[in-house]
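# Close look at the chain arrangement
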Amino acid sequence: MNCEDLNRIADVRVYVNDVLESSVYNNGRIYFPSRGISNRRIFLDCYGFAELSITLILVDGQECTLNSEYLPILVRREELNNSVEAMARFVYNNQEWLLLNGELKPKKPSGLKENGYRSLATQILLAEEIAAIYESSYGYFKANSRFKLEKMSVIERLERIQYVTQGTLSYTATHPEYLRQVNSTQGIFIGNRVYQPQKTETVQNTRSYDIYENRVILAFLRNMIDSVQSLQGYCCNLLSKIPNDEDYSSEYIYSSFFMFSETKKMIEDGKTQLEKLSEKFTYLWGMYSDILRIPLDQHIVPPRPTAIFLSVPQYNRIFVRIHQWFSFGIYNFSKEHFMLSFIKISALYESYLLAKFLCYFRDRGYSLESSRRCVYPVSKRWKYKNTSVRNTFVLKNGQKRITLYYQPVIFDTDQRSVNGIGLYRNNSISVYAGNEDDCRQGGHYYVPDFLIKIEENGDSQYMIVDAKFSDYSSVRRYYVKDLVFKYLFSISPIEENELVCGLCIMYGKCKSKERLQTAYDKQILGTEIYPFIEIFPLIEGIDSAGQYEKMDRLLKKLL
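In this text the structure is predicted, and so the values were computed from the model without any measurement.

Right, let's talk about the overall build of the protein chain for a bit. Broken down by element type, the protein chain carries 13 helices and 27 strands. Per-residue burial over the protein chain gives 47% buried out of 559 residues. When contacts within the protein chain are restricted to residue pairs at least 6 apart in sequence, long-range pairs at least 24 apart make up 71% of them. Total accessible area on the protein chain stands at roughly 28,900 Å², and carbon and sulfur atoms take up 49% of it.

Here it is, written out as structure tokens:
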């Protein structure tokens with residue numbers, strides 16, 4: 001399609017990071033009307049990167065969607081950038097809630113199990129302990145390495161020979177150059193003279209260090225060199241994908257730098273430690289090769305528990321660490337890939353809020369009863385895609401039970417059997433005029449960012465939470481009306497003992513003095529309005545001490 005085909009276009013839909021922007025198409029131009037005389041700035045709430053998508057609705061009913069590359073967002077230097085950096089650090093440090101079983105795992109290698117804690121830091125820690133054991137055990141192996149005795153043919157002086165073998169006689173007979181005449185009655189008589197060999201062949205018992213345990217000790221050292229260098233190369237590969245510098249000009253900087261800076265720092269620190277480990281293991285390899293002097297096994301597998309590995313302390317310490325290393329496996333950089341997947345600030349902010357909610361409930365005495373990833377039965381035609389992380393967390397404190405849903409699907413039918421959500425979408429009216437079957441809702445479901453369900457004494461109460469990386473003014477102007485229609489007007493409980501108590505809109509572009517406040521700014525003194533609509537400022541590094549107190553006030557409305 002080119003400019004000459006504009007008469008084929010009946011309408012357009014514009015999406016910024018998968019969010020539909022209200023627009024008007026007229027004669028080849030797209031307008032984004034606001035309350036003022038100018039067009040609305042559609043990239044105002046973008047941070048990091050933005051993807052622009054335009055769906056062309058043709059006069060014959062066909063649709064064509066065009067997608068841009070990810071466009072870097074430039075911002076001015078301000079306090080918000082530090083808050084984004086702190087937010088990314090918080091998510092990085094609390095990923096276990098999302099990526100594992102929702103339970104923090106031990107960070108010491110001694111506590112590692114097959115499905116335990118996994119991170120680059122713990123793998124480096126385990127490698128450092130292995131290097132330390134090899135280093136401290138070197139003196140023992142140099143003086144006391146286990147060996148086997150082997151009989152070896154050697155050429156020795158006659159006085160050193162302890163016993164004569166068939167080989168001794170054969171060698172003497174075939175090497176007459178070593179025969180010397182002696183004044184003795186013992187020797188080889190040739191005529192009336194007696195001869196004895198100066199040197200001849202004999203068999204001696206010699207030490208051989210080529211035993212199974214020593215081959216394992218040496219092969220594992222070689223394996224550690226290869227593993228550490230492999231991890232080091234992976235770090236370099238990831239670092240090449242992260243912005244090196246924040247500066248674009250004297251006035252603007254790359255916002256994505258602050259989203260990835262914490263991950264970049266972690267990878268750089270890991271790379272430095274791995275470089276030192278590579279040098280140390282290479283040095284140890286040279287030391288142990290010199291004292292053992294045995295062929296290298298090219299392939300190593302977890303060793304079998306021989307008598308030497310089980311009974312000799314120095315061998316046993318290495319044996320245990322080898323099994324730990326193989327049980328751990330080579331780290332797959334899942335945490336780092338997870339952090340680098342946050343191309344859109346909305347995804348990072350939602351993950352931050354999820355981790356913050358879970359940390360808050362734990363701090364307030366709730367224990368995690370279970371967590372899982374629910375796969376919702378959605379049509380392939382729908383825009384919604386199931387999350388790649390755990391999205392259902394059940395917490396308990398006494399008789400009170402809280403279920404925190406992340407990106408749950410609320411269908412227009414009774415689907416309580418799917419994930420225990422007793423709500424349904426009660427109409428097919430689109431939020432956006434003229435778009436009955438918009439791509440986000442599909443007319444059949446809604447997907448809030450979070451849903452909090454509190455169960456006590458047989459009753460269930462719900463609060464719907466939506467996350468916006470925006471400022472207070474934009475939330476009130478552009479988002480409140482649509483969210484109220486979707487989540488308060490268009491969602492109803494199925495049973496009489498269930499209730500939707502309110503809506504909370506959390507926004508991230510905030511400053512330290514901003515506080516939790518209601519959207520009902522004309523409320524009569526002394527009255528309470530339900531369902532409530534709260535607008536909640538929350539970002540890391542700003543008013544950290546008061547975060548949980550504000551969340552207490554929010555949950556009090558629900559309780």
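As a further point, take the confidence of the model for the protein chain. Within the protein chain, residue pLDDT values average 83, and 86% of them lie at 70 or more. A low-confidence stretch, residues 101-116 (pLDDT under 50), is modelled with 33 contacts involving residues beyond four sequence positions or located in other chains. Here residues 434-442 is a poorly scored stretch, pLDDT under 50, and it has 23 contacts once near neighbours within four places are set aside; other chains count.

Right, let's get into the sheet that holds strand β18 (residues 400-406). Reading across the sheet, the eight strands line up as β16-β17-β18-β22-β23-β25-β27-β26 and stay open at both edges, with mixed pairing between neighbours. Both outer strands of the open sheet, β16 (367-372) and β26 (517-518), are each paired with one neighbouring strand and no more. The sheet contact formed by β18 and strand β22 (residues 450-456) spans six bridges and is antiparallel. The partner of leucine 404 across the bridge, within β22, is isoleucine 452. The strands that helix α10 (residues 345-363) touches are β17 (392-397), β18, β22, β23 (459-468) and β25 (498-507); relative to β18, the one it contacts most, it runs at about 170 degrees.

Our next topic: the pairing of β22. With five of seven residues buried, β22 is to be regarded as a mostly interior element. In the sheet, β22 pairs with β23 via seven bridges, with the strands oriented antiparallel. Directly across from isoleucine 454, in β23, lies its bridge partner glutamine 461. In this structure, the hairpin formed by β22 and β23 is closed by a connection of two residues, where asparagine 457 is found at a positive phi of approximately 55 degrees.

To continue, consider the sheet that holds strand β6 (residues 52-58). Strand pairing in a sheet relies on backbone hydrogen bonds. The paired strands run either parallel or antiparallel. Ordered by their spatial adjacency, four strands build an open sheet running β2-β1-β6-β7, and the pairing between neighbours is antiparallel. Edge positions in the sheet fall to β2 (19-21) and β7 (63-67), since each has one partner strand and no second. Going from strand to strand, the sheet's axes swing by 30 degrees on average, the running direction of each strand aside. When β6 meets β7, the two strands line up antiparallel, connected through five bridges. Residue serine 53 lies in a different strand from β7, and its bridge partner there is asparagine 67.

Overall, the coordinates contain 25 aromatic pairs when judged by the stated rule. Above the ring of tyrosine 212, the side-chain terminus of arginine 304 is found at 3.8 Å from the ring centroid. Above the ring of phenylalanine 90, the side-chain terminus of lysine 356 is found at 4.1 Å from the ring centroid.

Moving on to helix α8 (residues 313-328). If you check α8, its first and last C-alpha atoms are 23 Å apart, about what 16 residues at 1.5 Å a residue would give, namely 22 Å. Taken from the residues just after α8, glycine 329 is the one with a positive phi, measuring 80 degrees.

Summed over the entire model, instances satisfying the criterion amount to 22 salt bridges. Two residues, glutamate 528 and lysine 557, come together in a salt bridge whose shortest N-O distance is 3.8 Å. Of this pair, glutamate 528 sits in the loop between β26 and β27 (532-537) while lysine 557 sits in helix α13 (residues 547-558), and the two are 29 residues apart along the sequence. Taking the relative accessible area as the measure of exposure, glutamate 528 reaches 57% and is therefore exposed. When its relative accessible area of 25% is taken as the criterion, lysine 557 is described as partly exposed. Residues participating in the shared-partner salt-bridge network are Glu369, Arg401, Lys453 and Glu455.

Each value, and the rule that gives it
- Residues numbered from 1 in each chain as written.
- Predicted model: local features only at pLDDT ≥ 70, side-chain atom pairs only at ≥ 80, totals over all residues.
- Heavy atoms only, no water.
- Helix = DSSP H or I, 4+ residues; strand = E, 2+ residues; numbered from the N terminus.
- Buried < 20%, exposed > 50% of the residue type's maximum accessible area, 1.4 Å probe, protein only.
- Contact = heavy atoms within 4.5 Å.
- Areas by Shrake-Rupley, 256 points an atom, 1.4 Å probe, with all protein chains shown as cover.
- pLDDT = per-residue confidence, 0-100.
- Pairing = 2+ DSSP bridges.
- Axes fitted to C-alpha atoms, helices over the stretch in contact; angles between N-to-C directions.
- Phe/Tyr/Trp six-rings, centres within 6.5 Å; stacked < 30°, edge-to-face > 60°.
- Lys NZ or Arg CZ within 6 Å of the ring centre and 35° of its normal.
- Expected span 1.5 Å × (residues − 1).
- Salt bridge = Lys/Arg side-chain N within 4 Å of Asp/Glu carboxyl O.

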